[in-house]
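Take a look at the letters that make up each chain.
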Amino acid sequence: MIVKMDFPGCIKVADLGCSSGENTFLVMSEIVNTIITTYQQKGQNPPEIDCCLNDLPDNDFNTTFKLIPSFHEKLKMNIKGKCFVSGSPGSFYTRLFPSKSLHFVHSSFCLHWLSKVPDGLEENKKNVYLRSPCPPSLYESYLNQFKNDFSTFLRMRAEETMPSGRMALTLVGRKTLDPLSKDCFKDWSLVSDSLLDLVSEGVVKESDLESFNLPYYNPDESEVKEVIDNEGSFEINNFETIFGLLFSYKTGRSEVKDDCDDDVDHSRRFEVVKKRANLARSIIEPMLVAHFGDAIIDRLFEKYIYHAGRRYDTLRNKPTVNFFVSLTRK
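Residues numbered from 1 in each chain as written. Predicted model: local features only at pLDDT ≥ 70, side-chain atom pairs only at ≥ 80, totals over all residues. Heavy atoms only, no water.

Draft legend 1. The arrangement of the packing of aromatic side chains in detail. Inspection of the entire model under this criterion finds 17 aromatic pairs. When the ring of Tyr 139 is compared with that of Tyr 217, the centres are 6.4 Å apart and the planes differ by 35 degrees; the resulting orientation is tilted. Of the two residues, Tyr 139 is situated in helix 4 (residues 136-160) and Tyr 217 in the loop between helix 6 (206-210) and helix 7 (221-231); the sequence distance between them amounts to 78 residues. In this structure Tyr 139 comes out as buried when scored by relative accessible area, which is 14%. (Phe/Tyr/Trp six-rings, centres within 6.5 Å; stacked < 30°, edge-to-face > 60°. Helix = DSSP H or I, 4+ residues; strand = E, 2+ residues; numbered from the N terminus. Buried < 20%, exposed > 50% of the residue type's maximum accessible area, 1.4 Å probe, protein only.)

Here it is in structure tokens:
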């Protein structure tokens with residue numbers, strides 16, 4: 001991209017859904033260092049780099065900005081006065097930047113979150129997401145919302161990205177073509193079961209559970225490619241499927257297996273499922289608190305750990321699926 005653009009003097013990079021905290025700058029550091037290395041290898045002076053961090057307005061940008069000095073320290077060379085960091089609060093389902101201003105766009109583990117809960121979920125009363133069995137109409141509601149949102153995202157970025165600009169996206173997907181397969185919603189079925197326990201104990205109102213659904217959809221490969229092709233502004237350079245495991249950090253280009261012995265002792269099993277519960281909590285706690293209040297959260301994830309532990313042997317080798325998509329603006 002850089003060579004094709006004849007080594008521009010200023011490169012503008014956007015990280016969409018950046019979150020806050022130390023991990024925010026991990027990807028941006030890699031991007032900036034790659035740009036610097038490319039210029040050096042071609043005997044060019046490093047460009048000015050405009051690093052734009054985007055997330056929703058209630059993201060803690062103040063904490064993020066306090067980490068800018070450590071971000072600069074991790075760069076391969078001192079480019080003080082040439083690397084600028086700014087925040088761009090707002091939904092990435094809307095316009096965020098001036099027309100044809102971006103050279104490179106990155107978004108990691110965000111696009112499976114929808115702009116809103118789909119319409120038509122009135123029958124999904126005891127689940128926070130799709131679950132088998134459920135009417136096909138519920139799947140259609142989620143799929144249509146994903147298609148509308150992802151198409152809007154691509155259309156907005158098409159207006160903001162200059163010709164030959166690049167975009168790299170990572171999102172949660174699914175392997176199976178059957179959207180109601182039990183492999184498609186492992187985490188969220190554990191949350192549903194935990195909430196049902198709290199309803200039976202009188203801690204959560206049944207009506208509150210029945211009115212709560214996650215604004216989430218994990219598409220299969222064909223659904224992602226269909227939206228990209230139909231929107232028409234970007235060309236797919238690379239599409240990779242990365243497999244993982246629910247209770248492990250192992251990943252691979254093909255399905256991976258848990259190498260631990262089948263007879264995992266109780267203490268290790270507890271630690272593994274607790275880590276998964278903490279991860280799920282870090283992702284959806286704000287949504288749960290907004291709907292149910294914060295008084296139930298600790299108890300809810302104690303239930304999550306209980307259900308995950310009971311289903312450990314069933315779930316330990318169930319694959320998780322992530323998609324990495326590299327796109328070029330036509």
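Draft legend 2. Broad picture of the pairing of strand 1 (residues 10-16). With six of seven residues buried, strand 1 lies mostly within the body of the structure. Relative to strand 2 (residues 48-54), strand 1 runs parallel, the two being bridged by seven bridges. Pairing of Asp 15 across the sheet is with Leu 53, part of strand 2. Crossover strand 1 to strand 2 through helix 1 (residues 24-41) is right-handed. Note: strand 1 against strand 4 (residues 102-108), four bridges, orientation parallel. Bridge pairing in strand 4 links Asp 15 to His 106. (Pairing = 2+ DSSP bridges. Right-handed = clockwise from strand over helix to strand, strands pointing away.)

Draft legend 3. Structural view of helix 8 (residues 266-292). Compared with the 39 Å implied by 1.5 Å per residue over 27 residues, the 32 Å span of helix 8 between its first and last C-alpha is markedly short. Among the residues making up helix 8, those that are buried are Arg 269, Val 272, Val 273, Arg 276, Ala 277, Ala 280, Ile 284, Leu 288 and Phe 292. Looking at the packing, one finds that the buried side of helix 8 touches helix 5 (186-200), helix 6, helix 9 (297-310) and helix 10 (312-315). Just downstream of helix 8 lies Gly 293, where phi reads positive at about 90 degrees. (Expected span 1.5 Å × (residues − 1). Contact = heavy atoms within 4.5 Å.)

Draft legend 4. Highlighting unusual backbone geometry. Positive phi, normally seen in glycine, also occurs at Ser 19, with a value near 65 degrees. By relative accessible area, which is 36% here, Ser 19 ends up partly exposed. Positive phi is not limited to glycine here, since Phe 109 has a value of about 55 degrees. Checked against the element boundaries, Phe 109 lands in the loop between strand 4 and helix 4.

Draft legend 5. Layout of the side chain of His 112. When you line up the elements, His 112 lands in the loop between strand 4 and helix 4. On the basis of relative accessible area, His 112 is assigned to the buried category, the value being 4%. At a separation of 3.4 Å, a polar atom in the side chain of His 112 contacts the side chain of Trp 113. Within polar-contact distance, the side chain of His 112 engages the backbone nitrogen of Val 172 at 3.0 Å. When sequence neighbours within four positions are dropped, the list of residues in contact with His 112 reads Leu 171, Val 172, Pro 215, Tyr 216 and Tyr 217. (Polar contact = N/O pair within 3.5 Å; in protein donor to acceptor, adjacent residues only side chain to side chain.)

Draft legend 6. Here's a closer look at the packing of helix 4 against helix 7. Running from amino to carboxyl end, helix 4 crosses helix 7 at an angle of 45 degrees, the nearest separation of the two axes being 9 Å. In terms of their interaxial angle, helix 4 and helix 7 are classed as oblique. The way helix 4 lies across helix 7 gives a crossing that is right-handed. In this structure, helix 4 uses Tyr 139, Leu 143, Phe 146, Lys 147, Phe 150, Ser 151, Leu 154, Arg 155 and Ala 158 to contact helix 7, whose residues at the interface are Glu 223, Val 224, Glu 226, Val 227, Ile 228 and Glu 231. Partitioning the contact of helix 4 with helix 7 into residue classes produces nine nonpolar, one polar and five charged. (Axes fitted to C-alpha atoms, helices over the stretch in contact; angles between N-to-C directions. Parallel < 35°, antiparallel > 145°, perpendicular 65-115°, else oblique. Left-handed = near helix turned anticlockwise from the far one by under 90°. Nonpolar A, V, L, I, M, F, W, Y, C, P; charged D, E, K, R; others polar.)

Draft legend 7. Main features of the nonpolar core. Phe 150 and Phe 153 are the most contacted members of the largest nonpolar core, which totals 71 residues. Among the elements that take part in this core, helix 4 stands out by supplying nine residues, more than any other. Aside from chain neighbours lying at most four places away, what touches Phe 150 is Tyr 93, Leu 111, Leu 169, Val 224, Val 227 and Ile 228. Residues Phe 7, Phe 25, Ile 31 and Leu 67 belong to the second largest nonpolar core, which totals 24 residues. (Core = buried A, V, L, I, M, F, W, Y, C linked by side-chain atoms within 4.5 Å.)

Draft legend 8. Summary view of the pairing of strand 5 (residues 161-173). By the criterion of burial, strand 5 is predominantly enclosed, with ten of the 13 residues buried. Where strand 4 meets strand 5, six bridges bridge the pair, whose relative direction is parallel. Note on strand 5: the bridge partner recorded for Leu 102 is Thr 161. What joins strand 4 to strand 5 is helix 4, and the crossover it makes is right-handed. Here eight bridges tie strand 5 to strand 8 (residues 319-329), and the two strands are oriented antiparallel to one another. Bridging across to strand 8, Leu 171 finds its partner in Phe 323.

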